[in-house]
Amino acid sequence: MGKHKYIETPEKLWEHFDNYRKWAKANPILVEDYVGRYADRVMREKPRALTIDGFECWCYDNDIISDLSQYFANTEQRYTDYQTICSRIRKAVRTDQIEGGMAGVYNPSITQRLNGLVDKVQNEVNITKFEFDE
């Protein structure tokens, strides 16, 4: 008999992710800012980006599970049924981050780095001859 799974079905994992997504979008991050002639302190709402780590923390905070890594890694092939949902979750997170970065909602450079989208420039320097002044 296999080990008990804390999240019983792939559909339940998606349901948890959907609840996390709804929570994240309903709970923006408050950022301190200063505006106006007298630099009045205000708290601005900034949209909360979706992340796999954020989803995992949300699951832990809601007493669902403390570690999702086995589901996403398909440890010992015990989570094969979950792979389609895990892929869908990864893509939903990535889409949120990339679209938010492109629209300027999130910091574009952080979004690029998180998703491996950094422009790579290769610089080549070829030294063929050394010359010294005497």
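Residues numbered from 1 in each chain as written. Predicted model: local features only at pLDDT ≥ 70, side-chain atom pairs only at ≥ 80, totals over all residues. Heavy atoms only, no water.

1. Some words on the overall build of the protein
Right, so step 1: In terms of helices and strands, the protein carries five helices and two strands.
Right, so step 2: Ordered by position in the sequence, the α and β elements of the protein form the string α-β-β-α-α-α-α.
Right, so step 3: When the 134 residues of the protein are sorted by exposure, 25% land in the buried category.
Right, so step 4: Relative to all contacts within the protein whose residues are 6 or more apart in sequence, the contacts with residues 24 or more apart total 49%.
Right, so step 5: Per element, the accessible surface of the protein, about 10,400 Å² overall, is 49% carbon and sulfur. (Helix = DSSP H or I, 4+ residues; strand = E, 2+ residues; numbered from the N terminus. Buried < 20%, exposed > 50% of the residue type's maximum accessible area, 1.4 Å probe, protein only. Contact = heavy atoms within 4.5 Å. Areas by Shrake-Rupley, 256 points an atom, 1.4 Å probe, with all protein chains shown as cover.)

2. Some remarks on helix H1 (residues 10–26)
Right, so step 1: Here H1 spans 24 Å end to end across 17 residues, near enough to the 24 Å set by a 1.5 Å rise per residue.
Right, so step 2: The set of residues buried in H1 consists of Pro10, Leu13, Trp14, His16, Phe17, Tyr20 and Ala24. Looking down the long axis of H1, one finds its buried residues gathered within 160° of arc, a one-sided arrangement. In H1, the exposed positions that point more than 90 degrees away from the buried face belong to Glu11, Lys22 and Ala26. (Expected span 1.5 Å × (residues − 1). Arc of directions from axis to C-beta.)

3. A word on the side chain of Asp96
Right, so step 1: Within the secondary structure, Asp96 sits in helix H4 (residues 83–102).
Right, so step 2: In this structure Asp96 comes out as buried when scored by relative accessible area, which is 15%.
Right, so step 3: Within the local environment of Asp96, its side chain forms a polar contact with the backbone nitrogen of Leu50, the two atoms lying 2.9 Å apart.
Right, so step 4: If near-sequence neighbours (up to four positions away) are discounted, Asp96 is found in contact with Lys25, Ala49, Leu50 and Tyr106. (Polar contact = N/O pair within 3.5 Å; in protein donor to acceptor, adjacent residues only side chain to side chain.)

4. What to know about the pattern of salt bridges
Right, so step 1: Tallied over the entire structure, the rule returns seven salt bridges.
Right, so step 2: Across the pair Asp18 and Arg21 runs a salt bridge whose closest N-O atoms are separated by 3.0 Å. Here Asp18 pairs with Arg21, and both are found in helix H1, just three residues apart, close to one helical turn.
Right, so step 3: For Asp18, the salt bridge identified is with Lys22, shortest N-O distance 3.2 Å. Note that Asp18 and Lys22 are positioned in helix H1 at a spacing of four residues, about one turn of the helix.
Right, so step 4: Among the ionic contacts, a cluster of salt bridges with common partners joins Asp18, Arg21 and Lys22. (Salt bridge = Lys/Arg side-chain N within 4 Å of Asp/Glu carboxyl O.)

5. A word on the nonpolar core
Right, so step 1: Of all hydrophobic cores here, the largest spans 22 residues; its most connected members are Ile7, Leu13, Phe17, Phe55, Leu68, Tyr71 and Ile89.
Right, so step 2: Elements that contribute at least two residues to this core include exactly H1, helix H2 (52–61), helix H3 (69–73) and H4.
Right, so step 3: In this structure, Phe17 is in contact with Leu50, Phe55, Ile89, Ala92 and Val93, ignoring residues within four places of it in sequence. (Core = buried A, V, L, I, M, F, W, Y, C linked by side-chain atoms within 4.5 Å.)

6. Comments concerning the state of the cysteines
Right, so step 1: Per the stated rule, a full pass over the model turns up zero disulfides.
Right, so step 2: Distance from the sulfur of Cys59, which forms no disulfide, to the nearest cysteine sulfur (Cys57) is 9.4 Å.
Right, so step 3: A relative accessible area of 0% places Cys59 in the buried class. (Disulfide = S-S within 2.5 Å.)

7. Here we look at the confidence of the model for the protein
Right, so step 1: Overall, the prediction assigns the protein a mean pLDDT of 88, with 88% of residues at 70 or greater.
Right, so step 2: Averaged pLDDT values over the elements of the protein bottom out at 78 in helix H5 (residues 108–114) and peak at 98 in H1. (pLDDT = per-residue confidence, 0-100.)

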